[in-house]
Amino acid sequence: MIKSHVNRMINLAVALKNAILDDIKDVKNANHAKLLERNDEKLELMNQISQAQQELNQQFAIDINNGIDINLFKDDIDLLEKHLRELYELNGKLASIVLPVKEMYRQIIDEISIQNGGRLFEVNA
């Protein structure tokens, strides 16, 4: 059972990594529509990973109580850890790209609103 839980988590992590890689490409290409479309998918993958982690922890507890040597799954767990580390690193890379862009947009908006007397848009009626 542990192996199937680990494999499920690996598959979810790979899917999320691919989504983040697509995000990085779309940010570089200023393809904002695709980024927004993928947000729900990524949120669902994150929820599924969280749920799968809880299920894996429960299975570990059951197997330990049943006297099963969980060291038998060390290679599988190491592979899962590798994928989760890569996911963490990719997320950091995406953040390092997105945050400066967000700051640049904020500065542009601040500058426009200062030029318009504190408003983003100047309305002349």
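How each quantity is defined
- Residues numbered from 1 in each chain as written.
- Predicted model: local features only at pLDDT ≥ 70, side-chain atom pairs only at ≥ 80, totals over all residues.
- Heavy atoms only, no water.
- Core = buried A, V, L, I, M, F, W, Y, C linked by side-chain atoms within 4.5 Å.
- Buried < 20%, exposed > 50% of the residue type's maximum accessible area, 1.4 Å probe, protein only.
- Helix = DSSP H or I, 4+ residues; strand = E, 2+ residues; numbered from the N terminus.
- Salt bridge = Lys/Arg side-chain N within 4 Å of Asp/Glu carboxyl O.
- Expected span 1.5 Å × (residues − 1).
- Contact = heavy atoms within 4.5 Å.
- Bend = angle between axes of the 7 residues up to and from the residue.
- Patch = residues over 30% accessible without salt bridge, like charges linked within 9 Å, V, L, I, M, F, W, Y side chains within 5 Å.
- Areas by Shrake-Rupley, 256 points an atom, 1.4 Å probe, with all protein chains shown as cover.
- pLDDT = per-residue confidence, 0-100.
- Axes fitted to C-alpha atoms, helices over the stretch in contact; angles between N-to-C directions.
- Parallel < 35°, antiparallel > 145°, perpendicular 65-115°, else oblique.
- Left-handed = near helix turned anticlockwise from the far one by under 90°.
- Nonpolar A, V, L, I, M, F, W, Y, C, P; charged D, E, K, R; others polar.

A. Here's a closer look at the nonpolar core. With 21 residues, the main nonpolar core has Ile20 and Leu56 as its most contacted residues. Secondary structure elements with two or more residues in this core: helix H1 (2-28), helix H2 (32-65) and helix H3 (74-115). In terms of residue count, the dominant contributor to this core is H1 (nine residues).

B. Spotlight on the pattern of salt bridges. This model, assessed by the stated rule, comprises nine salt bridges. For Lys17, the salt bridge is made with Glu86, and the minimal N-O distance between the two is 2.4 Å. Taken together, the residues Lys17 in helix H1 and Glu86 in helix H3 connect sequence positions 69 residues apart. On the accessibility criterion, Glu86 (27% relative accessible area) is partly exposed. Ionic pairing is found between Lys42 and Asp23, a salt bridge with its closest N-O pair at 2.2 Å. Of this pair, Lys42 sits in helix H2 while Asp23 sits in helix H1, and the two are 19 residues apart along the sequence. Given a relative accessible area of 12%, Lys42 falls into the buried group.

C. Structural detail: H1. Between the first and last C-alpha of H1 there are 39 Å, a value that for 27 residues agrees with the 39 Å anticipated at 1.5 Å per step. In the segment just after H1, Ala30 is the residue with positive phi, at about 55 degrees.

D. Main features of the environment of Ile77. In this fold, Ile77 is placed in helix H3. Apart from residues no more than four positions distant in its own chain, Ile77 is found in contact with Val6 and Phe60.

E. View of H2. Its 34 residues give H2 an end-to-end C-alpha distance of 49 Å, which sits within 8% of 50 Å, the value for a rise of 1.5 Å per residue. At Asn39, H2 shows its strongest bend, of approximately 30 degrees. Three or more residues of H2 are buried, namely Leu35, Arg38, Lys42, Leu45, Ile49, Ala52, Leu56, Gln59, Phe60 and Asp63.

F. Examining a nonpolar patch on the surface more closely. There is a patch of nonpolar side chains on the surface, built from Met104, Tyr105, Ile108 and Ile112 and spanning about 340 Å² of accessible area. With respect to the element layout, Ile108 can be found in helix H3. The exposure class assigned to Ile108 is partly exposed, which follows from its relative accessible area of 41%.

G. Broad picture of the confidence of the model for the chain. When pLDDT is averaged along the chain, the result is 88, and 91% of the positions lie at 70 or above. Across the chain, the element-wise mean pLDDT spans from 86 in H3 up to 94 in H1.

H. Representation of the packing of H1 against H2 in the model. At a minimum axis distance of 9 Å, the contact between H1 and H2 shows a crossing angle of 160 degrees. Classified by the angle their axes make, H1 and H2 are roughly antiparallel. Judged by the sense of rotation from one axis to the other, the crossing of H1 with H2 is left-handed. Here the contact of H1 with H2 is built from residues that sort into 17 nonpolar, four polar and 10 charged.

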